[in-house]
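Structural overview
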Amino acid sequence: MEGKQQDIAAELSGISVTYPSGDVALHAVNLSVYRGECVLLCGRSGCGKTTITKCMNGIVPHFEMGTTRTGKAVVAGLDIDTTQMYELALKVGSVFQNPKSQFFNLTSDDEMAFGLESAGVDPDEIDRRVRAAVADLKAERLMHRNVVTMSGGEKQSLVYASVYAMDPDVFVLDEPTANLDAGAIEILRTQIAKTKAAGKTIVIAEHRLYFLSDIIDRAILIEDGRVVREFTRDEFTALSEEERHALGLRTLSDSSSLTTVISSEDHMRGGPCSGQRGSGLEVEGLSCAMMAKYQLPRGVSFTARHGEVLGIVGSNGSGKTTLLRCLAGLERGRKGHVRFDGKVLDRSASNQASYLIMQDVNHQLFSDSVENECRLAAPSASSARIDGVLQSLDLLHLKERHPMALSGGQKQRLAIATGLLAEKRILLFDEPTSGLDFDHMVGVSKLMQDLKTRAVAIVVATHDREFLSRACDRVLDISDLLLGRVGGGV
Amino acid sequence: MKSIRLDPRTLIILLSTASVVAFLPKGLGVEIALVSACALLQVACGYPTMAIKWSVGFVVLVVLLNAVLPVLPITVSTVFTISLTYARKIYLCLMVGALAIRSTTVHRFTTALQSWHIPQTFLIPLSITIRYFPMLKSEAGHIRDAMKLKEIPPSQRIECFTVPLIMSATMTADELSAAAVTRGIENPIASTSTERLRMHIDDWLCLAGAVVLCVVAIALA
Amino acid sequence: MEPTHTASAAVQGTVNRRLSGKDLINIGIFSALYFVLNFAFMLMSGLHPMIWILMPGLIALTTGIPFMLMCTKVRKAGAVVIMGFITALIYFVTGMFTPLILGMMAAACIVAESIRWVTHYSGFAGETAAFAAFSLGMCGSPLPIWIFHDSFFAQIASQGMSADYITTLDAFSSTPMLIVLFAAPVVLAVLGALIAKALFRKHFEKAGMI
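Parameters at a glance
- Residues numbered from 1 in each chain as written.
- Chains lettered and ligands numbered in written order.
- Predicted model: local features only at pLDDT ≥ 70, side-chain atom pairs only at ≥ 80, totals over all residues.
- Heavy atoms only, no water.
- Salt bridge = Lys/Arg side-chain N within 4 Å of Asp/Glu carboxyl O.
- Helix = DSSP H or I, 4+ residues; strand = E, 2+ residues; numbered from the N terminus.
- Contact = heavy atoms within 4.5 Å.
- Buried area = accessible area lost by both parts, 1.4 Å probe.
- Polar contact = N/O pair within 3.5 Å; in protein donor to acceptor, adjacent residues only side chain to side chain.
- 1 Å grid on protein atoms, 1.4 Å probe; cavity = no way out; pocket = protein on both sides within 12 Å on 5 of 7 lines; lining within 4 Å.
- Points joined across faces, edges and corners; volume = space filled by probe spheres on them.
- Nonpolar A, V, L, I, M, F, W, Y, C, P; charged D, E, K, R; others polar.
- Pairing = 2+ DSSP bridges.
- Axes fitted to C-alpha atoms, helices over the stretch in contact; angles between N-to-C directions.
- Parallel < 35°, antiparallel > 145°, perpendicular 65-115°, else oblique.
- Left-handed = near helix turned anticlockwise from the far one by under 90°.
- pLDDT = per-residue confidence, 0-100.

1. A word on the pattern of salt bridges
- Taken as a whole and judged by the stated rule, the model has 41 salt bridges over all chains.
- A salt bridge links A:E111 to B:R183, with the shortest nitrogen-to-oxygen separation between them at 3.4 Å. Pair noted here: A:E111 is in helix 4 (residues 108–118) and B:R183 is in helix 8 (residues 154–183), and the two residues belong to different chains.
- The partner of A:K452 in a salt bridge is A:D473, and the shortest N-O contact between them spans 3.2 Å. Separated by 21 residues along the polypeptide, A:K452 in the loop between helix 15 (438–451) and strand 18 (457–461) and A:D473 in the loop between helix 16 (465–471) and strand 19 (474–477) bring together distant segments of the chain.

2. Observations regarding the interface of chain B and chain C
- Of the residues lining the interface, 58 residues belong to chain B; the matching set on chain C comes to 62 residues.
- Approximately 5200 Å² of surface area, both sides summed, lies buried where chain B meets chain C, with 78% of it carried by carbon and sulfur atoms.
- Contact with chain C buries surface across chain B, with B:F23, B:I82 and B:Y86 losing the most and accounting together for 13% of the total.
- Scanning the region where chain B abuts chain C turns up one salt bridge.
- C:K202 serves as the salt-bridge partner of B:E159, at 2.7 Å between the closest nitrogen and oxygen.
- At the surface where chain B touches chain C, the tally comes to four residue pairs in polar contact (both at pLDDT 80 or more).
- Mapped by element, the contributors of at least two residues to the side of chain B that touches chain C are helix 1 (8–22), helix 3 (48–68), helix 4 (74–89), helix 5 (91–103), helix 6 (106–115), helix 7 (120–148) and helix 8 of chain B.

3. Considering empty space enclosed by the protein
- What the rule picks out here adds up to six cavities of 30 Å³ or more.
- By volume, the largest cavity amounts to about 330 Å³.
- Contributing to the lining of the largest cavity are 21 residues, with A:F114, A:E117, B:T110, B:Q120 and B:S127 lying nearest its centre.
- Contributing elements (two or more residues each) for the lining of the largest cavity: helix 4 of chain A together with helix 6 and helix 7 of chain B.
- A breakdown of the residues in the lining of the largest cavity according to their chemical character gives seven nonpolar, 13 polar and one charged.

4. Some words on the sheet that holds strand 14 (residues 335–340) of chain A
Residue and element names in this part refer to chain A.
- One open sheet holds the four strands; their spatial order is 12-11-14-15, and the pairing between them is antiparallel. Edge positions in the open sheet fall to strand 12 (300–304) and strand 15 (343–344), since each of these has one partner strand only.
- Here five bridges tie strand 11 (residues 281–287) to strand 14, and the two strands are oriented antiparallel to one another. Each residue of the ladder has a partner; that of E282, found in strand 14, is R339.

5. Considering the packing of helix 3 of chain B against helix 5 of chain B
All names here are of chain B.
- Packing of helix 3 against helix 5 leaves a shortest axis separation of 11 Å and a crossing angle of 160°. In terms of orientation, helix 3 lies roughly antiparallel with respect to helix 5. The chirality of how helix 3 crosses helix 5 is right-handed. Contact with helix 3, carried on its side by M50, W54, G57, F58 and L61, involves Y91, L94, M95, A98, L99 and R102 of helix 5 and no other residues of that element.
- Its residues assigned to classes, the contact of helix 3 with helix 5 shows nine nonpolar, one polar and one charged.

6. Remarks on the confidence of the model for chain A
- The share of residues in chain A with pLDDT of 70 or more is 93%, and the mean pLDDT across the chain is 89.
- Scored below 50 in pLDDT, residues 267–276 of chain A makes 16 contacts in the model with residues more than four places away or belonging to other chains.

7. A few points about the side chain of A:E308
All names here are of chain A.
- Inspection of the secondary structure assignment puts E308 in the loop between strand 12 and strand 13 (309–313).
- One polar contact links the side chain of E308 to the main-chain amide nitrogen of R305, over a distance of 2.9 Å.
- A polar contact of 2.9 Å, which involves the side chain of E308, links it to the side chain of R474.

And the structure:
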């Protein structure tokens, strides 16, 4: 920094936060953010970086009942304690993780105007500001649309643009990329870059770091509710891989520079079977009604052998999800052949043989305890067997807990446990590492490798390159699959 | 011919007049005149297909009630007569309702209600309810798909469907509120609107026409 | 040492009784769930007069969960009125409402709100009673069979139905049926509330969501 003290956009002094459960989220945190800076808050899951963002946009203490906060927080010249949330909204813009639950209108134009309308701004002024925001962020493609038909990435872009239109001084972003695919993350990056260029202050709490390396001014490492280290951009990008891993941080390199081998050929297909195991999953000419719009008529073909983890990459998030759903027999108008160990599976057989661990695991947990969830999946399984599977997934100590009370990673492992107990032969994973920090991502990749020892076919759709290189043995690109550049077809 | 765009307030008043006329005793001639008037309105607003569908629907309804149901066995006719008769009575309301839904957005509608001094305390939940319908549908779809991949015994199916759905609704409510409040939804100042609703000559003409038809229908009853 | 702030009571002041943004959104979401169930039964009631007469009761049986959840999360005045308002308004705009239903729903909501106010927005008995009152609002839908009896049957007769048929149909507009119409929602509301409570205990409380 220059010698003269820059304007301070946000200052936290002696902030300590305790949640109603008694957990202490932050211990006497002191933090200053200067005007025009982009500051990254990073650290392991549960370190407190999200809580810090909540202290900056007023969620703590105004919104969360029972959470106590001591200390002083001043953001954009406003004292958080004495300022109403709606007054804060004019100066502090917030973007959260879930694109599906941050919009209020069904048309994008109305959504852009929403915040300004709530603030009582004159309609002509609203139109002007919306137009300016759209031009700044190059968001023309988002205008005049039905929000429901937008993809997750487009929704998040719309949320960002709506907040931008309010022209706040400080932007507070809480893991905005958690549910986005690679293409959408790139768009968010350009939006953040533009925001910074406009002279705004940005505070972003994130796990995914690679897209921020050019934008941040400082990175602040949080651990167990304390600020432990502060880096300048250069110091941060200069960290070695080992140092990063020790701190529990994800990669900083651009995704394309990670070495991943993408097969342009499905070279295992047609080869001899490995050992006594069957031929695994063979897909020929697969297509469905939804995929038809972006694939060639001859459909998708590939194989996934036993003892390998097959990764499917590519920025087309919806293409990957649709492919997995189609494999599992959940999509209408399915054509082509799916075979497992030589046996042809029709749609309902695919339902029985496959298990899809969804992006939102909450949709697939039904019971009132971990144990009962397992019993639901495998009614005839013995207690010993259930305990064995739970133990291998580090869930045994949570047997009596309600599935919804588990953490995200625990829920995911529970879903996997039910799939294993139900003796599913085809395990499909849809973005299993969204929003996970480094250690948990490594845990999931280890899990994938462990699953290889069972007689199952494993297909993982992901855009997480760091995870890919650890977990997958072979990688296919979704565009290649859809356009028939792999597998030779029928 | 350029189609007219009615102010939501006009549509609400038209709906009200249709409700008034609904349960009046009407001769077939009067009914046909009123249905035709509604169909014409739909065409004028730029929805000719809608007008055709509803007109044909009316004809089918009358034919069913007058010619088909009387000759069917009592068990069958009991099932449908009361409901179809009811449908016939509120047919005008349904026609205007269909027009209202197609030609108005929730945003326009809440702006119109706001101009009638209905407080934000009512309008915000209303917007949220309607905005949540599509999401409810997609969540339900995902849960049903997840259930397909598990063999759930019939006795537990309702519970297994309901619980994740309610959990999802609760979580969505929490996330949506956080986003709403940080966007300033609690601002006590009067909300403005980019809709700029104004009653035009088209609106007044429609209202006048509706009042006339209403009076005539009452007089003939 | 800076003062502790718990939900910034100092800032909120009297807001504790006013509906906050969070409350309004909760009401909106649970009203959506309520409406979908309500609408489903409304459609089904077209199949048979008996279903139509039982419709308010069937709705009461199934909508316990959204209503009771909303009552738990919004322990303030106005939640029930807003839920009723939204339901009535959507039906009105689709053309499926009559002034009669509107009147009955308004009355039902006012009674329900009063019950909630008197029982201080807590206690299962109070919430169930409010729910029963609220559920009576939909009785205005089949009520025209009795209230506009003559107009209805004149129309049916003019459509050429036989006299046998008319007497059969007339059985549905008898006084015992009227009693069933009003009794069903009360009884089934209690049942619906009990189901909701059981589900809350088993799942939502255990998961820490309430």
